[in-house]
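Structural features, examined
Here are the chains, one letter per residue:
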Amino acid sequence: VHSRKRDLLDGIIGGTEETTTGVVRLRSMERAGELRYPVIAVNDSNTKYLFDNRYGTGQSTIDGILRATNILLAGSKFVVCGYGWCARGIAIRAKGMGAAVAVTEVDPLRALEAAMDGFLVMQLREAAPWGDLFVTSTGNTRVISRDHFAAMKDGAILCNAGHFDVEIDIAALEEMSTGRRLIRDEVEEFELGGGKRIYLLSRGRLINLSAAEGHPAMVMDMSFANQALAVEYLARNGTGLNNVVLPVPAEIDREIARLKLQSMGIRIDTLTDEQERYLASWEWGT
Ligand SMILES: NC(=O)c1ccc[n+]([C@@H]2O[C@H](COP(=O)([O-])OP(=O)(O)OC[C@H]3O[C@@H](n4cnc5c(N)ncnc54)[C@H](O)[C@@H]3O)[C@@H](O)[C@H]2O)c1
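Residues numbered from 1 in each chain as written. Predicted model: local features only at pLDDT ≥ 70, side-chain atom pairs only at ≥ 80, totals over all residues. Heavy atoms only, no water.

Some details on the nonpolar core
- Among the nonpolar cores identified, the biggest contains 26 residues, and F78, V101, V135 and I207 are the most heavily contacted of them.
- The dominant element in this core, judged by the number of residues it contributes, is helix α3 (residues 85-96), at four residues.
- Apart from residues no more than four positions distant in its own chain, F78 is found in contact with I62, I65, L73, I90, A94, A99, A100, V101, A102, W130, L133 and V135.
- Membership of the second largest hydrophobic core comes to 23 residues, among which are V79, A102, A172 and L192. (Core = buried A, V, L, I, M, F, W, Y, C linked by side-chain atoms within 4.5 Å. Buried < 20%, exposed > 50% of the residue type's maximum accessible area, 1.4 Å probe, protein only. Helix = DSSP H or I, 4+ residues; strand = E, 2+ residues; numbered from the N terminus. Contact = heavy atoms within 4.5 Å.)

This is the structure:
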């Protein structure tokens with residue numbers, strides 16, 4: 001719509017965006033003055049990324065790896081590239097299955113979180129000869145590349161749960177290999193000479209969608225509630241909005257959390273009048 005079908009722009013009130021990568025691109029368009037209608041960043045809603053990205057991607061990525069390989073995670077050396085919302089879900093689940101988990105990051109804050117969450121944190125070049133299995137979930141390109149492949153041990157397994165198929169430099173892997181064959185569905189073996197083999201899952205595409213079934217409905221319900229309610233919000237208010245990337249309104253986010261708890265049969269406490277007054281005051285307790 002913003003490039004090849006610009007004639008459609010006139011009829012569009014607004015849009016919504018589900019994914020981290022999509023929101024990153026839309027913010028670039030906003031900065032460049034290229035965004036032609038308001039877009040609600042559904043991904044950035046608490047009831048989306050804290051659950052779908054973390055628990056949905058966490059579980060379904062492990063599911064994809066296991067369905068593709070049937071390896072034993074317990075005792076394995078598992079490297080997660082990135083410690084964003086998807087990656088931390090993967091790291092937590094791998095740790096829960098008994099793997100020793102190392103995290104690589106470029107953001108000091110997230111690296112520190114990973115360290116204090118109890119993960120090994122190291123550079124990927126240190127992790128390359130250490131890991132049995134590598135999972136990328138950064139939204140970035142060529143995160144695992146030529147030098148890393150060269151340093152990996154025989155039998156290393158690589159997969160991606162982040163963006164498209166660009167996080168693992170497959171072109172470099174192909175160039176370095178002397179032979180390749182599909183050894184089972186979703187598992188391709190690359191021979192790197194000297195008897196070393198590296199296994200790439202699902203051609204570097206999203207492992208949780210290729211080898212498993214994606215996120216369970218029990219977490220996508222919140223993501224799609226955000227989509228539906230954001231569309232309703234745009235239909236009611238869209239014509240008065242600027243052409244920028246907007247958050248999902250906080251009331252919608254809270255209401256989705258409330259409804260999800262209700263659907264799970266979980267009740268929570270409410271503030272007493274006194275507690276509300278206490279929290280709103282500055283005279284008491286200071
Ligand atoms: N597989 C799925 O079903 C699924 C679901 C949701 C999101 N995603 C995708 O997963 C990716 C990550 O999403 P997110 O919500 O976790 O994003 P996020 O922004 O929370 O985290 C990405 C992290 O990767 C780090 N990073 C960037 N480049 C790196 C590098 N070279 N090495 C190590 N770390 C690096 C960043 O510092 C950041 O902490 C996005 O592309 C998103 O679209 C996939």
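The discussion continues.
Comments concerning the environment of Q227
- Inspection of the secondary structure assignment puts Q227 in helix α9 (residues 217-237).
- Taking the relative accessible area as the measure of exposure, Q227 reaches 16% and is therefore buried.
- C-alpha of Q227 to C-alpha of T16: the two residues are 211 residues apart in sequence and 6.7 Å apart in space.
- Leaving out residues up to four positions away in the same chain, Q227 has contacts with T16, E17, E18 and V42.
- A distance of 2.5 Å separates a polar atom in the side chain of Q227 from a polar atom in the side chain of T16. (Polar contact = N/O pair within 3.5 Å; in protein donor to acceptor, adjacent residues only side chain to side chain.)

Focus: the pairing of strand β7 (residues 156-160)
- Burial analysis of β7 places five of its five residues in the buried class, which makes it a mostly covered element.
- Burial of the side chains of β7 extends over both faces: A156, L158 and N160 are buried on one face and I157 and C159 on the other.
- With four bridges connecting them, strand β6 (residues 133-136) and β7 associate as parallel partners. Across the sheet, L133 pairs through a bridge with I157, a residue of β7. (Pairing = 2+ DSSP bridges.)

Thoughts on the pattern of salt bridges
- Scanning all chains against the criterion turns up 15 salt bridges.
- We note a salt bridge from E188 to R180, for which the minimum N-O separation is 2.9 Å.
- The buried category is assigned to E188, whose relative accessible area is 8%.
- For R180, a relative accessible area of 39% translates into the label partly exposed.
- Because the salt bridges share partners, they merge into one network encompassing D63, R67 and E213. (Salt bridge = Lys/Arg side-chain N within 4 Å of Asp/Glu carboxyl O.)

Let's talk about the sheet that holds strand β11 (residues 245-247)
- Read from one edge to the other, the open sheet built from three strands follows the order β1-β2-β11, with strand pairing classed as parallel. The sheet is open, and its two borders are formed by β1 (15-17) and β11, each paired with just one other strand. For this sheet, the mean inter-axis angle between neighbouring strands, taken without regard to orientation, is 35°.
- Summarising the sheet, β1 and strand β2 (residues 39-41) pair through three bridges and their orientation is parallel. Looking at β2, one finds that G15 is bridged to V39. (Axes fitted to C-alpha atoms, helices over the stretch in contact; angles between N-to-C directions.)

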